[in-house]
Amino acid sequence: MAMRQSTRSEVKRIAKAKKRLLGAVQSELMRQDITALELLAVIAHTTGACIAYQDRNTVKDDQALELVWENIRQGNAEALAEVMSVSGRPN
């Protein structure tokens, strides 16, 4: 089942939330209290919790996992492009 297309205002609202959340992630990494791998585990755990918070009447597990996987690919591509533009090489 395909997800519906987001409206322009939804895209802007979601982009702002992503920016805030990624800022928090980057802050955690800069504190150096947690490794990047540990942070990945924490975020994966949090993602699992977010899946559990979905309304089971409207979002099935396979839909949620498809959405997560699509966004992992997109986020990875965007972050890699950013790293490459800054350093000229992947981490």
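Scroll up to find the structure this text is about.
Heads up: these notes are all about the structure in this document. The structure presented is a predicted model; accordingly, all values stated were derived computationally and were not measured. (Residues numbered from 1 in each chain as written. Predicted model: local features only at pLDDT ≥ 70, side-chain atom pairs only at ≥ 80, totals over all residues. Heavy atoms only, no water.)

1. Considering the overall build of the chain
Phase 1: The number of helices and strands found in the chain is three helices and zero strands.
Phase 2: Element order for the chain, N to C, with α for helix and β for strand: α-α-α.
Phase 3: Overall, the C-alpha framework of the chain stretches about 45 × 30 × 20 Å when taken along its three principal axes.
Phase 4: For the chain, buried positions account for 5% of its 91 residues.
Phase 5: For the chain, the computed accessible surface area is about 8,000 Å², with 60% contributed by carbon and sulfur atoms. (Helix = DSSP H or I, 4+ residues; strand = E, 2+ residues; numbered from the N terminus. Buried < 20%, exposed > 50% of the residue type's maximum accessible area, 1.4 Å probe, protein only. Areas by Shrake-Rupley, 256 points an atom, 1.4 Å probe, with all protein chains shown as cover.)

2. Focus on a positive patch on the surface
Phase 1: Taken together, the side chains of Arg 8, Lys 12, Lys 16 and Arg 20 present a region of like positive charge at the surface.
Phase 2: Relative to the elements of secondary structure, Lys 12 occurs in helix H1 (residues 8–31). (Patch = residues over 30% accessible without salt bridge, like charges linked within 9 Å, V, L, I, M, F, W, Y side chains within 5 Å. Salt bridge = Lys/Arg side-chain N within 4 Å of Asp/Glu carboxyl O. Lys, Arg positive; Asp, Glu negative; His and termini not counted. Charge placed at Lys NZ, Arg CZ, Asp CG, Glu CD.)

3. Considerations on unusual backbone geometry
Phase 1: Even without a glycine there, the phi angle at Gln 32 is positive, about 60 degrees.
Phase 2: Within the secondary structure, Gln 32 is located in the loop between H1 and helix H2 (36–52).

4. A closer look at the side chain of Glu 10
Phase 1: Here Glu 10 is to be found in helix H1.
Phase 2: A relative accessible area of 17% places Glu 10 in the buried class.
Phase 3: Of note is the side chain of Glu 10, whose polar atom sits 2.7 Å from the backbone nitrogen of Thr 7. (Polar contact = N/O pair within 3.5 Å; in protein donor to acceptor, adjacent residues only side chain to side chain.)

5. Digging into the pattern of salt bridges
Phase 1: A full pass over the atoms with the stated rule returns two salt bridges.
Phase 2: For Asp 33, the salt bridge goes to Arg 31, with nearest N and O atoms at 2.8 Å. Arg 31 shares its class with Asp 33; the two are exposed.
Phase 3: Across the salt bridge formed by Arg 56 and Asp 61, the nearest N and O atoms sit 2.2 Å from each other.
Phase 4: By relative accessible area, Arg 56 is classed as partly exposed at 39%.

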